[in-house]
Structures are given as structure tokens and as C-alpha cells.
Amino acid sequence: MSVTIFALATAPGRAGVAVVRVSGPAAGDALRALTGRPLPRPRMATLVRLADPVGGETLDDALVLWFPAPRSFTGEDVAELHLHGGRAVVAGVIEALGSVPGLRPAEPGEFTRRAFENGKFDLTAAEAVADLVHAETAAQRRQALRQMAGALGTVYEGWRSRLLRALAHLEADIDFPDEDLPGGVPDAVRPVIEALAAEVAAHLDDRGRGERLRDGIHVAIVGAPNAGKSSLLNALAGREAAIVSARAGTTRDVIEVHLDVGGFPVVLADTAGLREATDEIEEEGIRRALDRADRADVKLAVFDGTSWPALDEATLRLIDRDSIAVVNKVDVSGPVSGILAGQPLVAVSARTGAGLRSLEERLATFADERLAGSGTPALTRARHRSALEECHGALLRSLSAVLPELAAEDVRMAARALGRITGRVDVEDVLDVIFRDFCIGK
Ligand SMILES: Nc1nc2c(ncn2[C@@H]2O[C@H](COP(=O)(O)OP(=O)(O)OP(=O)(O)O)[C@@H](O)[C@H]2O)c(=O)[nH]1
Ligand SMILES: [K+]
Ligand SMILES: [Mg+2]
């Protein structure tokens, strides 16, 4: 029988309300010990006085909820204590719970892990709980909620059950071979495996859409010294994150800010101005700038409008189809317009804020094209990607296997790779890694 765990489920620190969660066979004992009363009616908020079971001192007047197993978040008996969110109240209740026999503080992610182990949801949904807790933008929230509702798990489990049917077919063929037909995969099964391999490949080939939506789309600001890159970063971030000065070569290190642009998470990076370096520090800064530009999903190529229509050569060379060309300082230069890399220039002033809205809209459109996609659930984690790559490889091998026994073994491997994603098969080794991502109380 499992031990009973407890933890503060809300963020630590002073707050209006703090929720303490208790889960396990002794949760009812704990609730009775602190309230001095019989258990309240299940799932009904009840106002009670909580007192220290040892000294009898009053700790709080709290709302308590009682969820008997199995109808609870973890599938075990669960008690929730909604406290006044002061540090002393929370500390007193936590200490009182620690004195109840059979209780111990929870590890990070332990509540969600128990829910998974009790079959409340599959691993992809458990991972989505962590994503939802960390979601900072609307698009991230939507993706996590979809995944939590089982959108990804359903796709992977669907593939797995089709594979298991194909496997049954293959195994029947091994037991009762048709002497006239040579070769590995029989004709009846081949199209099934081919179709699955194609679906898995299409799912893998999404340019990291789901992973990017979790982690943010990477945007690098590049341009000549004094074009106003750092000023632009500050204007978009709404704070003085980077140093601005009239001296060319101010920025050396890459400076990152995290933004919400139209509901999409964006990691915006300011970089050193591109020119012949004057010392080795600047040289390293420029190397980092080019490296970041190379790895970015989108480049903001910033030009100094005061030299319009002359445009910096080094910056022009970096422009490709993943770039947005920006002309800055239009407060000085006056209006500018033109087409670069097939797209209209965005004219802005980091100083007055003119044009920043259109720039944000253009960025959001880029993010939308790359991240939002077709509504099919996206691949969200490297863990899923590597298992799917393994599955795909095994499917391709099975198609070219010369013996049905070998084809069956490959299909079995492909199915096992899918089962590892949802947590159906041998996952003990990954559980610790996955739940370590969670905070305590989740
Ligand atoms: N008038 C005007 N001046 C600007 C604007 N944006 C930046 N500046 C000025 O241009 C100068 C350079 O700005 P920075 O933001 O430091 O330029 P940078 O591209 O980051 O320069 P490096 O880091 O040296 O590559 C500063 O004096 C800014 O005040 C703008 O929109 N209008
Ligand atoms: K500067
Ligand atoms: Mg700068």
C-alpha cells in the first residue's frame, strides 16, 4: 500500500488562498485529525476550523474538500485544504500534517505520477499537465489543453493498435505460411504498414512546430552597428533590457528577452552590430551574432533609416525567406517603403514607437504560419520525436525484410516504440526524468 503524501499545491509565498493537497490511504485520517470531526461529504466545500492535532492550537478556518478514491485527481483518497494564504498558516498546517502517522511530504510531480500510475491518463497527458503549468501564452495553453485531453495519446495509441493488428496478421502468416508467396511482408499487410510509415513520417516532418510552441519561436535581431537593434529590442520588450548608446559596437553578448506576440511565445535576441571587428571581444560578439542568426527561426534585419536608401551590405546578405526587413529611425528619415526578399519593408521608430504594431503583427503572422498549423496535434517533445523516429525506422525495415519472422520483429519494435510514448510499455526508466520536470505539489 502506498504512503500518503502532502504538499502545498499553490505557489509558495503570501497569497489570498493557499491549497494544500493530501493523497493516499491516510488522507482521511489526516483530515479527521486536523478538523476533529468526521469526514465531510465528498466533493462538497465545507468550512471547518483546523487545529494542530498535537497541541490543539487553532491554525485556520479553512474550506476543505474530500475526494474518496477512485474519483480524485490521483485516483487515491485525496483531501484538499483551502487555507488563508499566509506563510504562518501554511507552515502550521504543513507541520501538523507531518505529525500525522503515515504521512510524508510529496516529491516534485508525485501527485501527477500517482495519477498516471493509477491509469487516470497516459504519459503524454501527464506531460501536458507540466506544460499547462508552465504555459505563458494563449497558444501554449491551447496546445497543452489539447494534449491533456488526450489528443496526442489518441493518435499514438491508434497507430499502435493498427500495428498490433498488422502484427497478428504477420504472425498468423508465420504459423500458416502460403508456400506460393515468397518474401517478408504479405500483400494484405504491406499497405497497412506503408500507410502508417507515411503518417508517422508526416507527423515527424513538421519543422518542430509543437516543440517550438512549447519553447518559443526564436527571433534574432541583426544589422549594422547603430542601426538601433538594442533600441528595438527594448521597445518591443517594454523595458531597458539591453544597453543603448550612440557608440557603434555597444552590444557584444547576445541578449534575450521572452515575449508574448499575439499569443505566441517568442524568444527575441539582440546581437552585436555586423562590421569589421575592432578587437577580439567584438570579433567574438559578431561570431555569436552570425551563429544566432543562423539558428533563428526568423531574422529581423534592421537597417538605419538615416542613410536611406543606402542599405548595409552585410545585413542584406543575411536576408532570406525567413527574414523580416526593418528600417528604423523613421522619425528622422521620414517615410520609407520598398520590397525586400519579396516582402514589404517594415518602417519603424524604436524611439517614438511608430510602426511597432505592424512589426508585431508581421511577427505574429510568421509565428502563426510556423506554429499553429492544421489543427492536428503537434509533436511536442524530443522524447516523443526520438521514439517516433525509432518507430518509423523499424517500419521501413519491416517492409524490406526478407523473412516474415524478421518483418514481425520489426513491427513489434515499432509498436513498442509507440507504447513507450504513451506509457504502455517499459517506461520505468523515463518516469523519473519526466516527473522531475514538475514542481512540488503537482
Ligand atoms: N532618432 C532615432 N534614434 C534612434 C532610434 N533607435 C535608436 N536610435 C539611436 O541610435 C543609436 C544606436 O542605438 P542602439 O540601439 O545602441 O543601436 P545598436 O544597433 O544596438 O548598436 P550596436 O549595439 O552598437 O550594434 C542610439 O543613439 C539610439 O538612441 C530611432 O528610432 N530614432
Ligand atoms: K550602439
Ligand atoms: Mg546594440
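Residues numbered from 1 in each chain as written. Chains lettered and ligands numbered in written order. Predicted model: local features only at pLDDT ≥ 70, side-chain atom pairs only at ≥ 80, totals over all residues. Heavy atoms only, no water.

For the protein, an unreviewed UniProt entry supplies the name tRNA modification GTPase MnmE and the organism Azospirillum oleiclasticum. The annotation that UniProt attaches to the protein under Sequence similarities (unreviewed entry) is "Belongs to the TRAFAC class TrmE-Era-EngA-EngB-Septin-like GTPase superfamily. TrmE GTPase family." Regarding the protein, the UniProt comment filed under Subcellular location (unreviewed entry) reads as follows: "Cytoplasm". (UniProt positions renumbered as here; feature names shortened; annotations may be inferred.)

Novice: Help me out: how do you make sense of the overall build of the protein in this one?
Specialist: Helix and strand counts for the protein come out as 16 helices and 14 strands. Of all 442 residues assigned to the protein, the portion counted as buried reaches 49%. In the protein, of all internal contacts separated by at least 6 residues, the share reaching a separation of at least 24 is 63%. When the accessible surface of the protein is summed, it comes to about 21100 Å², and 54% of that surface belongs to carbon and sulfur atoms. (Helix = DSSP H or I, 4+ residues; strand = E, 2+ residues; numbered from the N terminus. Buried < 20%, exposed > 50% of the residue type's maximum accessible area, 1.4 Å probe, protein only. Contact = heavy atoms within 4.5 Å. Areas by Shrake-Rupley, 256 points an atom, 1.4 Å probe, with all protein chains shown as cover.)

Novice: Please clarify how the coordination of the magnesium ion (ligand 3) should be interpreted in this entry.
Specialist: Metal coordination angles in their ideal form are 109.5 degrees for the four-donor tetrahedron and 90 or 180 degrees for the six-donor octahedron. Taken together, the protein donors to the magnesium ion (ligand 3) comprise Ser-230 (OG) and Thr-251 (OG1), at separations of 2.0 Å. Separation of the magnesium ion (ligand 3) from the potassium ion (ligand 2) amounts to 4.8 Å. With Ser-230 in helix H9 (residues 229–237) and Thr-251 in the loop between H9 and strand E8 (255–261), the pair connects residues that are 21 residues apart, well separated along the chain. Side by side, Ser-230 and Thr-251 carry an identical accessibility label, which is buried. (Donors = N, O, S within 2.8 Å, 3.2 Å for Na, K, Ca; no water.)

Novice: What is the right way to look at the site of ligand 1 in this model?
Specialist: If you check the shell around ligand 1, you find 24 residues, and the closest are Lys-229, Ser-230, Ser-231, Gly-249 and Thr-250. Note that an oxygen atom of ligand 1 is positioned 2.5 Å from one of the side-chain N or O atoms of Ser-231. Between Ser-349 and ligand 1, the recorded distance is 3.2 Å, taken from a side-chain N or O atom to an oxygen atom. Notes on ligand 1: free accessible area 650 Å², of which the protein chains cover 91%. Looking at the shell around ligand 1, the elements that each hand over two or more residues are H9 and helix H12 (330–333). With three residues, H9 is the single largest residue contributor to the shell around ligand 1. For the shell around ligand 1, the class distribution of residues is eight nonpolar, 11 polar and five charged. (Near = heavy atom within 4 Å. Polar contact = N/O pair within 3.5 Å; in protein donor to acceptor, adjacent residues only side chain to side chain. Nonpolar A, V, L, I, M, F, W, Y, C, P; charged D, E, K, R; others polar.)

Novice: Looking at this model, I keep getting lost on the UniProt feature "binding site: Mg(2+)" (unreviewed entry) in the protein. Mind explaining?
Specialist: UniProt annotation of "binding site: Mg(2+)" (unreviewed entry) refers to Ser-230 and Thr-251 when read in the numbering used here. These annotated residues cover 22 residues of sequence, but their C-alpha atoms sit close together, with the largest distance between any two at 7.6 Å. Since its relative accessible area comes to 9%, Ser-230 is described here as buried. Filtering out sequence-adjacent residues up to four positions away, Ser-230 remains in contact with Ala-242, Ile-243, Val-244, Thr-251 and Asp-270. A polar contact of 2.8 Å, which involves the side chain of Thr-251, links it to the side chain of Ser-230.

Novice: I would appreciate a short explanation of unusual backbone geometry in the present structure.
Specialist: The phi torsion of most residues other than glycine is negative, and most of the peptide bonds are trans. The amide bond that connects Ala-69 to the next residue, Pro-70, takes the cis arrangement and shows omega of 0°. With respect to the helices and strands, the residue Pro-70 is situated in the loop between strand E4 (58–67) and strand E5 (78–84). The peptide bond linking Trp-308 to Pro-309 adopts the cis configuration, its omega dihedral lying at 10°. Here Pro-309 is to be found in the loop between strand E10 (298–304) and helix H11 (313–318). Notably, Arg-43 is not glycine yet its phi reads approximately 60°, a positive angle. Inspection of the secondary structure puts Arg-43 in the loop between helix H1 (27–35) and strand E3 (46–51).

Novice: What's the story with the side chain of Arg-160 in this structure? I'm lost.
Specialist: Along the chain, Arg-160 falls in helix H6 (residues 151–175). With a relative accessible area of 11%, Arg-160 lands in the buried category. In this structure, Arg-160 is in contact with Ala-415, Leu-418, Gly-419, Arg-424 and Val-425, ignoring residues within four places of it in sequence.

Novice: Hey, could you run me through H1 in this one?
Specialist: Helical geometry note: an α-helix holds 3.6 residues per turn, so side chains three or four residues apart project in the same direction. Looking at H1, one finds that the buried residues are Ala-27, Gly-28, Ala-30, Leu-31, Leu-34 and Thr-35. Burial along H1 is one-sided: seen end-on, the buried residues are contained in an arc of 160°. The first or second residue beyond H1 is Gly-36, which carries a positive phi of 65°. (Arc of directions from axis to C-beta.)

Novice: For this particular structure, what's the right way to read the sheet that holds strand E6 (residues 103–105)?
Specialist: Two pairing modes exist for strands in a sheet, parallel and antiparallel, and in both the strands are linked by backbone hydrogen bonds. Spatially, six strands are ordered E3-E4-E5-E2-E1-E6 in an open sheet, and the strand pairing comes out mixed. If you trace the sheet from one side to the other, it starts and ends with E3 and E6, each paired once. The average angle at which neighbouring strand axes cross in this sheet is 30°, direction not considered. For E4 and E5, the ladder comprises five bridges, and the chain directions are antiparallel. Counterpart to Trp-66 in the pairing with E5 is Ala-79. In this fold H1 packs onto strand E1 (4–8), strand E2 (17–23), E3, E4, E5 and E6, with an angle of close to 75° to the strand it touches most, E3. (Pairing = 2+ DSSP bridges. Axes fitted to C-alpha atoms, helices over the stretch in contact; angles between N-to-C directions.)

Novice: Whenever I open this one, the packing of aromatic side chains confuses me. Can you help?
Specialist: For any pair of aromatic rings, the description rests on two quantities: the centre-to-centre distance and the angle between the ring planes. Tallied over the full model, the rule gives two aromatic pairs. Seen from their ring centres, Tyr-156 and Trp-159 are 5.8 Å apart, and the 45° between their planes marks the pair as tilted. Of this pair, Tyr-156 and Trp-159 both sit in helix H6, separated by three residues, roughly a single helical turn. Look at Tyr-156 and you get buried, because its relative accessible area is 0%. Stacked on the ring of Phe-111, the Lys or Arg Arg-21 has its end atom at 5.0 Å from the ring centre. (Phe/Tyr/Trp six-rings, centres within 6.5 Å; stacked < 30°, edge-to-face > 60°. Lys NZ or Arg CZ within 6 Å of the ring centre and 35° of its normal.)

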